[in-house]
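These are the residues of each chain, in order.
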There are 2 protein chains.
Amino acid sequence: MPGNSMKISEEPKVARARCHTNPNVSCSDCRLGALCLPIALSTEEVDQLDEIVKRGRPLQKGDHLFRESDEFHSVYAVRSGSFKAYSITDSGEVQVTGFYLPGEILGMDGISSRHHCASAVALEVSSVCEIPFERLEGLATKLPSLQHHFFRIMGKEIIKDQQMLTLLGCNSADERLSSLLLSISARNSSRHLSATKFRLAMTRSDIGNYLGITVETVSRSFGRLQKNNVLKVTNKEIEILDMDALKKAANVNQDK
Amino acid sequence: MPGNSMKISEEPKVARARCHTNPNVSCSDCRLGALCLPIALSTEEVDQLDEIVKRGRPLQKGDHLFRESDEFHSVYAVRSGSFKAYSITDSGEVQVTGFYLPGEILGMDGISSRHHCASAVALEVSSVCEIPFERLEGLATKLPSLQHHFFRIMGKEIIKDQQMLTLLGCNSADERLSSLLLSISARNSSRHLSATKFRLAMTRSDIGNYLGITVETVSRSFGRLQKNNVLKVTNKEIEILDMDALKKAANVNQDK
DNA sequence: TGCAAACATTGATTCGCGTCAACGAAGCGA
DNA sequence: TCGCTTCGTTGACGCGAATCAATGTTTGCA
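Since this is a predicted model, take the numbers as computed values, not measurements. (Residues numbered from 1 in each chain as written. Chains lettered and ligands numbered in written order. Predicted model: local features only at pLDDT ≥ 70, side-chain atom pairs only at ≥ 80, totals over all residues. Heavy atoms only, no water.)

What follows is about the nonpolar core. Within the largest apolar cluster, 66 residues are counted, with the highest numbers of intra-cluster contacts made by F222 and L231 of chain A together with F222 and L231 of chain B. Filtering out sequence-adjacent residues up to four positions away, L231 of chain A remains in contact with L181, F222, L225, Q226, I238, E239, I240, L241 and L246 of chain A. Judged by nonpolar contacts, the second largest core, of 52 residues, contains I105 and M154 of chain A together with V46 and F151 of chain B. (Core = buried A, V, L, I, M, F, W, Y, C linked by side-chain atoms within 4.5 Å. Buried < 20%, exposed > 50% of the residue type's maximum accessible area, 1.4 Å probe, protein only. Contact = heavy atoms within 4.5 Å.)

So this is what it looks like as structure tokens:
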């Protein structure tokens, strides 16, 4: 199919050695497999999935993967980097609805109608696997385990959003921020990155917007957590010094 | 399959004339069809769906459809009445995650793992169609349009939750309450009930919990909306007097 | 390398909503 | 129908976070 990688601008300048930045790596070789769609598929099934997946060039920071009201064609698996999903309210304000890390699936907001109802923008140099949804559906009809797995992925998104609702329902600024950090920590951990030391790709403003608090409050909350020796914060670099204290501060189950 | 209707207690005492309370009505006869799973299915397909659907006796107010940590077996379509979904946080507090009206699908929180992560309780005498999920998956493999439709239903749930996130993100008590009322109004309207006059099955406490505000604030917010001649509130009976003003108060798009 | 824009921090002040308390109203079982 | 329990309303008060403002820091482009 032509136009395979037309969506994405700029010649890739990053190394091609690592699987998650190399457009030619197949699903079966990708080390994110255990987190991503191929999980629970047999080798032949993965190969069939592989055939419908489009791998584009990396997106630059600030590039949009899709925009609100774009026609919906595909969901995307984050291969490297990270994305922020957001929508614009009637009153013209931005609302960040989620952050997506490698192995996570983006764009499911478009499944129920013919268009996306959120935008997705790269927070850093990032790459994705584009999965045309119609073809995924077609394949899912033939591969029950793929159908099952995609139902589960969507179910996970539902749970994630509902946990977020719980968080925003009644928790304080410190609890919200702590929960977000724990969530990122756990997600990093599940992809074999450090659970205690990481770089936040998003701005304080994104964090605040996502958590339903202002930038200033985010900043002060970071300050408090740092003062209590729970965190070490150096700009966007976060080090969790006391995981138990952070969990206590979050006051929320983080098992998933 | 035996034990078809064992889940549900008490002999039904409600009339059997209306389709949505009659356990013997098939999907093809149910007037909720246009909202529920059968939408977009052919007659024969609906008949196949019909075969896997279990219709139980009505649930009484306060009866649980399923509980958090129950094993997940089925999703449920509300046939009549209404339900509240909620979960218990670590700190032991209740968090209401949604209200479900006739034609809406409940229980998708269990799809991604083997157990539910929320409880569902009837807010009034209610009845459901139980749809064993494994059998639904099996049928979806054979009926692409059913698969497609269920993907869409799950997508809708995701969007609904994300809109809720947006609402809780930064809106005032009045905006939240107005949005909920508009949502219920629109959902009533889509099932050919009055968009301007309805009875809230849930308590003020449920509403507040769902919206992330206290009972007292709910009460005061109702008071303000009433004082401004936007609503007429008589206990649980709500009459929307000025839809435009309510939309303005909600300050949020309600189209879906 | 330097400058401007975007991002982040900190302080002072304000305000919406939570909390506490009291009481009235509705729903329900005996 | 009574009496209890749950639910709902109203008022007083204080706190946490928003807002406003000023300033420092980082980033990215020319």
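Time to look at the packing of aromatic side chains. Under the definition given, this model contains 13 aromatic pairs over all chains. Look at F151 of chain A and F133 of chain B: their rings are 5.5 Å apart centre to centre, the planes differ by 70 degrees, and that puts the pair in the edge-to-face class. Within this pair, whereas F151 of chain A is found in helix α3 (residues 144-170), its partner F133 of chain B is found in helix α2 (residues 133-142), the two belonging to separate chains. Of the two residues, F151 of chain A and F133 of chain B, neither departs from the other in class, the shared state being buried. With a centroid separation of 5.4 Å and 80 degrees between ring planes, the pair formed by F151 of chain A and F150 of chain B is classed as edge-to-face. (Phe/Tyr/Trp six-rings, centres within 6.5 Å; stacked < 30°, edge-to-face > 60°. Helix = DSSP H or I, 4+ residues; strand = E, 2+ residues; numbered from the N terminus.)

This paragraph deals with the domain arrangement of chain A. Residues and elements named next belong to chain A. Assigned domains within chain A: domain 1 (6-159) and domain 2 (165-249). One C-alpha centre belongs to domain 1, the other to domain 2, and the line joining them spans 25 Å. Facing the 15 residues of domain 1 at the interface are eleven residues of domain 2. Summing both partners gives a buried area of about 1,100 Å² for domain 1 against domain 2, and 55% of it is carried by carbon and sulfur. One can count three salt bridges joining domain 1 with domain 2. With its nearest N and O atoms 2.8 Å apart, the salt bridge here joins D206 to K84. A class-by-class count of the residues in the side of domain 1 that touches domain 2 yields eight nonpolar, four polar and three charged. (Domains from an automatic or database assignment. Buried area = accessible area lost by both parts, 1.4 Å probe. Salt bridge = Lys/Arg side-chain N within 4 Å of Asp/Glu carboxyl O. Nonpolar A, V, L, I, M, F, W, Y, C, P; charged D, E, K, R; others polar.)

To continue, consider the interface of chain B and chain A. The interface of chain B with chain A comprises 42 residues on the first partner and 42 residues on the second. Both faces considered, chain B and chain A share a buried interface measuring about 4,000 Å² in area, 59% of it formed by carbon and sulfur atoms. Together, S112, F151 and L165 of chain B form the three largest contributors to the area buried by chain B at its contact with chain A, with a combined 17%. If you look at where chain B meets chain A, you find zero salt bridges.

A few words on the protein's contact with DNA strand D. Of all residues adjacent to DNA strand D, which total 17 residues, the nearest are A173, T214 and T217 of chain A together with R204 and R220 of chain B. Counting only the atoms of DNA strand D that lie within 4 Å of the protein, the sugar and phosphate share comes to 62%. Between DNA strand D and T217 of chain A, the relevant distance is 2.3 Å, taken from a phosphate oxygen to a side-chain nitrogen or oxygen of the residue. Residues of the surface near DNA strand D, tallied by class, amount to two nonpolar, eight polar and seven charged. (Near = heavy atom within 4 Å. Polar contact = N/O pair within 3.5 Å; in protein donor to acceptor, adjacent residues only side chain to side chain.)

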